[in-house]
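Listed below, chain by chain, are the residues.
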Amino acid sequence: MEEILSQLNDSQKDAVLYNDGPSLVVAGAGSGKTRVLTYKIAGLLQSGYEPGRILALTFTNKAADEMKVRIDDIVGAGVSRRLWMGTFHSIFARILRHEAEKIGYKSNFSIYDTADSKSLIKNIVKEMALDEKKYTPKAVLSRISQLKNSLVTPDVYRNHTDWQKNDAYAKIPRLSEIYSTYFARCYKACAMDFDDILLYTNILFRDFPEVLAQYQDLFQFILVDEYQDTNFAQHLVVKKLAAIHHHVCVVGDDAQSIYSFRGANIDNILKFREVFPDCRVFKLERNYRSTPNIVKVANSLIAKNKKQLPKNVYSEQKEGSKVKVISSYSDLDEASSVVAQIDRFVSSGKYKYKDMAVLYRTNSQSRVFEEALRKRSIPYKIHGGHSFYQRKEIKDVLAYFRLVLNPDDEEAFRRVINYPARGIGNTTMGKISEVALRAGISYWEVISDPLRYNLPVNAGTAAKLANFRALIHGLSEIVDSDNAYDFTKKVVDCAGIRADLESDQSAEGLSKLENLDELLNSIHEFCESKREESDEEATISEFLQKVSLMSDVDEDTEDNDDKVTLMTVHSAKGLEFKNVFIVGVEEELFPSDMSLKSEDGIEEERRLFYVAITRAEENCVISYAKLRFRNGVTNSTLPSRFITKDIDEKLLDLPEDYMSRSTSSRNFSLWDDGESSYSSYRSGRNAVSKPWSRSIREADPEPMPRSTTYVAPRNLKPLPKVSAEVFAPSVSVPEPMPNTDGIEVGCWVEHERFGRGTVLEIENVGGDVKFTINFQNLGEKKILQKYAHLKNLGK
DNA sequence: GTAAGAAAAATTTTT
DNA sequence: TTTTTCTTAC
């Protein structure tokens, strides 16, 4: 214990030593948060707590694994394995598999990833014969996700009149039905999506108090990392589990809450004290990562946010150089200036390439930097794109695993029924789906007994189906006896996956084959380490459980390569680099144009920018361009408000052409002479317009085709009135109709490319305004305000 | 059932 | 601009 404490500062020590009740550790950027968490757990273990009675929740497997290593270093090898330590999803899934039958599931339930969820939603929308433009899988899933994260079940949603009215207003009146159907279909497939894992844990603890009591008693101490990123569902479980022992310690930084779009609720950390009134608050304010100059800039920025916990982050390092702002003519120039600077840093001999990171708001910004780096032959690595386990060829193999382990898994079924191609195409799949829907059974049940369910297929197709059935059946006979590696080899060969990939001699095909071998390797490794650990064979079920909840950040990265890192600011969270270049710091890009609608949106973007700045240890460079090529067009841009309004000017090393903010910010525009349409577009869009309400058409009660109705699998009790909880979860209503520049139905407008036309209809779709315009030359077109820069010519 | 060609869309993404 | 999705023709 002494040894542990000697490595901590006073405030860290206080946080580590307080174990008598609830505590909130507000950990400023770079303040040694992980250190506190690991030492606290190590301390608990040393003072006699059973590892099996400590629950420690993180957001990534990587974070959990790193802490386990550090804990083992302190208290002895292997101890961390006995902790209940892992991501919310993996720990909750573990509990759910154990208690599955209580909530009507089987413990072998599949986990649908986002792609599976979207595919299912797409099918449901099709089956209901709804407008697929209006009900896009992405939008529907994000809404369902929001609802689940706020613990609103389909029944509760259906019976909530206000929400129904909002959906009708937003022209998505059938959302509630889609949600119910999606929920029922997941249940029928014995599958849970990521959000279900949190939702069902809540249902379990709500409906089975004796189960809750058992876990409440088991977990004598609960620790949660990154609390600012928890959603309501996660928060409520933590609250409930801590209700008996009251030994809960949550760690986080409200200033780094950047995942609200995924359901994270910053209020969970801001109002933690209201939930646990006897909670002690510890603040870690000393930043060990960055120079005072960087910390001051970050502080000066974040001070502009209203919603935050008071704290004073400081650094005791040498002052360091000022945060530098560079301005470029265009995005291309920006890339070459930044890369030139990188080159200079490295040529000075003081830094290596791996000390450099280029951080941007959107992935699409990476391209120009890649090109600029390549031009100078500077090695770089890009973080982004999809993870190994999301690749098609890998997902296909995993889908076989899933189907064998859980034949009711409809998304797995869809994926493998005709892969590799075996002549069972869309037509047959459509028939199977129709029969399954009508009989209320799974696809697998349909093809298990096609005669009984009158599947209308010819003899040839029936034979193909029988072959497929035999294949899956054969695999299911060996799935429990074979170890994961042997089983995978059989799947790959028997299903003809290897043969299929080998037949493709293109570069793409070869890389797929390589990936397949890579998968086999990783399964082999998985088996080896299991054998080392417990002297037992690893099953494919265990492997699948692990990878279903794994993301790309969890994959090993060869950190030793001397390469410049390119990544989004989001993925940089938690990392640090000696030199950081934050690029594209322009209005409508950073802050993102999608965030400008609300103050909360801007505050989150500001936190995101805060995260970006605080990644830097020694040098932080902020860059903007005056012209940016985006979505096929070049636009003139303004430097971000974060530079021009938020950060104290005195703290920055500003570029020569920078107009002081005491003069008009319009001076930033290149186009002030009015010769260009850009400046009129900008001033036009910001102009005050007439009230929008008059131009909205009444929601038309257009008769919809009848949908197939589903019977909910089980009558789940509605959750208690959500508002009765301490925090009302924020289920946001659809955005009000935004500013239309006074454009009303009947107005004449002018479009840059399409010319003049009259407005026939104005709709609100997902926060954007969609105009239906009858153009003089081109006829009727639908146009989003976000992209079309319409000029109002009046009635 | 595939392949080519047209059309439409276009944040961030810890599980 | 690129990327994904939808249509159409073989």
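The following refers to the structure shown.

Rules used in this analysis
- Residues numbered from 1 in each chain as written.
- Chains lettered and ligands numbered in written order.
- Predicted model: local features only at pLDDT ≥ 70, side-chain atom pairs only at ≥ 80, totals over all residues.
- Heavy atoms only, no water.
- Salt bridge = Lys/Arg side-chain N within 4 Å of Asp/Glu carboxyl O.
- Helix = DSSP H or I, 4+ residues; strand = E, 2+ residues; numbered from the N terminus.
- Buried < 20%, exposed > 50% of the residue type's maximum accessible area, 1.4 Å probe, protein only.
- Polar contact = N/O pair within 3.5 Å; in protein donor to acceptor, adjacent residues only side chain to side chain.
- Contact = heavy atoms within 4.5 Å.
- Disulfide = S-S within 2.5 Å.
- Near = heavy atom within 4 Å.
- Core = buried A, V, L, I, M, F, W, Y, C linked by side-chain atoms within 4.5 Å.
- Pairing = 2+ DSSP bridges.
- Axes fitted to C-alpha atoms, helices over the stretch in contact; angles between N-to-C directions.
- Expected span 1.5 Å × (residues − 1).
- Phe/Tyr/Trp six-rings, centres within 6.5 Å; stacked < 30°, edge-to-face > 60°.
- Lys NZ or Arg CZ within 6 Å of the ring centre and 35° of its normal.

To continue, consider the pattern of salt bridges. Overall, the coordinates contain 48 salt bridges when judged by the stated rule. In this structure, Asp600 and Lys307 form a salt bridge, with 4.0 Å as the shortest nitrogen-oxygen distance. Linking Asp600 in helix H29 (residues 599–613) with Lys307 in the loop between helix H16 (292–302) and strand E10 (314–315), this pair joins segments that are 293 residues apart in sequence. Each of Lys33, Asp225, Glu226, Asp229 and Lys573 takes part in salt bridges that share partners, so that together they form one network.

This brings us to the side chain of Ser548. Checked against the element boundaries, Ser548 lands in helix H27 (residues 540–548). Assessed through its relative accessible area of 17%, Ser548 is described here as buried. Within the structure, the side chain of Ser548 is placed 2.6 Å from the backbone oxygen of Leu544, a separation counted as a polar contact. Ignoring anything within four residues of it in the chain, the contact list for Ser548 reads Ile111 and Phe194.

Glancing now at the state of the cysteines. Within the structure shown, the criterion is met by 0 disulfides. Cys249 carries a free sulfur, and the closest cysteine sulfur to it, the one in Cys279, is 9.0 Å from it. By relative accessible area, which is 0% here, Cys249 ends up buried. Considering cysteine sulfurs only, Cys527 is the nearest to Cys494, which forms no disulfide, with 17 Å between them.

The subject of this paragraph is the protein's contact with DNA strand B. By nearness alone, 29 residues border DNA strand B, and Asp229, Tyr259, Arg361, Ser551 and Thr568 come closest of all. For DNA strand B, the backbone makes up 47% of the atoms found within 4 Å of the protein, where backbone means sugar plus phosphate. Within the backbone of Phe59, one N or O atom sits 3.3 Å away from a sugar or linking oxygen of DNA strand B. For DNA strand B, a phosphate oxygen lies 2.5 Å from a polar atom in the side chain of Thr568.

The next thing to look at is the nonpolar core. In terms of nonpolar packing, the biggest core is built from 79 residues, with Ile103, Tyr105, Tyr200, Phe205 and Leu241 touching the most fellow members. Among residues more than four places away in sequence, those in contact with Phe205 are Ile95, Val211, Leu212, Tyr215, Val237, Lys240 and Leu241. Within the second largest apolar cluster, 52 residues are counted, among which are Ile417, Ala484, Ala495 and Ala538.

On to the sheet that holds strand E2 (residues 54–58), then. Ordered in space as E3-E2-E6-E7-E1-E8, the 6 strands form an open sheet in which the pairing is parallel. For this open sheet the edge positions go to strand E3 (84–87) and strand E8 (280–284), each flanked by a neighbour on one side alone. Neighbour-to-neighbour, the strand axes of the sheet open up by a mean angle of 15 degrees, direction not taken into account. Across the sheet, helix H4 (residues 61–75) is in contact with E2 and E3; its angle to E3 comes to roughly 150 degrees.

Once that is clear, we can look at helix H26 (residues 507–534). The end-to-end C-alpha distance of H26 is 41 Å, a good match for the 40 Å that 28 residues give at a rise of 1.5 Å each. Looking at H26, one finds that the buried residues are Gly509, Leu513, Asn515, Leu516, Leu519, Leu520, Ser522, Ile523, Phe526, Cys527 and Lys530. Asp535, located one to two residues past H26, shows a positive phi value of around 65 degrees.

Overall, the coordinates contain 29 aromatic pairs when judged by the stated rule. Measuring from centroid to centroid gives 5.2 Å for Trp84 and Phe219, while their planes differ by 75 degrees, and the two rings are edge-to-face. In this pair, Trp84 sits in strand E3 while Phe219 sits in the loop between helix H12 (209–218) and strand E6 (221–224), placing the two residues 135 residues apart along the sequence. No difference in accessibility class separates Trp84 from Phe219, as the two residues are buried. Each ring, one from Tyr227 and one from Phe272, has its centre 5.5 Å from the other, and the planes form 75 degrees; the classification is edge-to-face. Separated by 45 residues along the polypeptide, Tyr227 in the loop between E6 and helix H13 (232–241) and Phe272 in helix H15 (residues 272–275) bring together distant segments of the chain. Residue Phe272 is classed as buried on the basis of its relative accessible area of 0%. In this structure an aromatic cluster arises from ring pairing among Tyr105, Phe109, Tyr157, Trp163, Tyr179, Phe183, Tyr187 and Tyr200. Over the ring of Phe109 we find Arg97; its NZ or CZ atom is 4.1 Å from the centre of that ring. Against the face of Tyr18 rests Arg280, its NZ or CZ located 4.7 Å from the ring centre.

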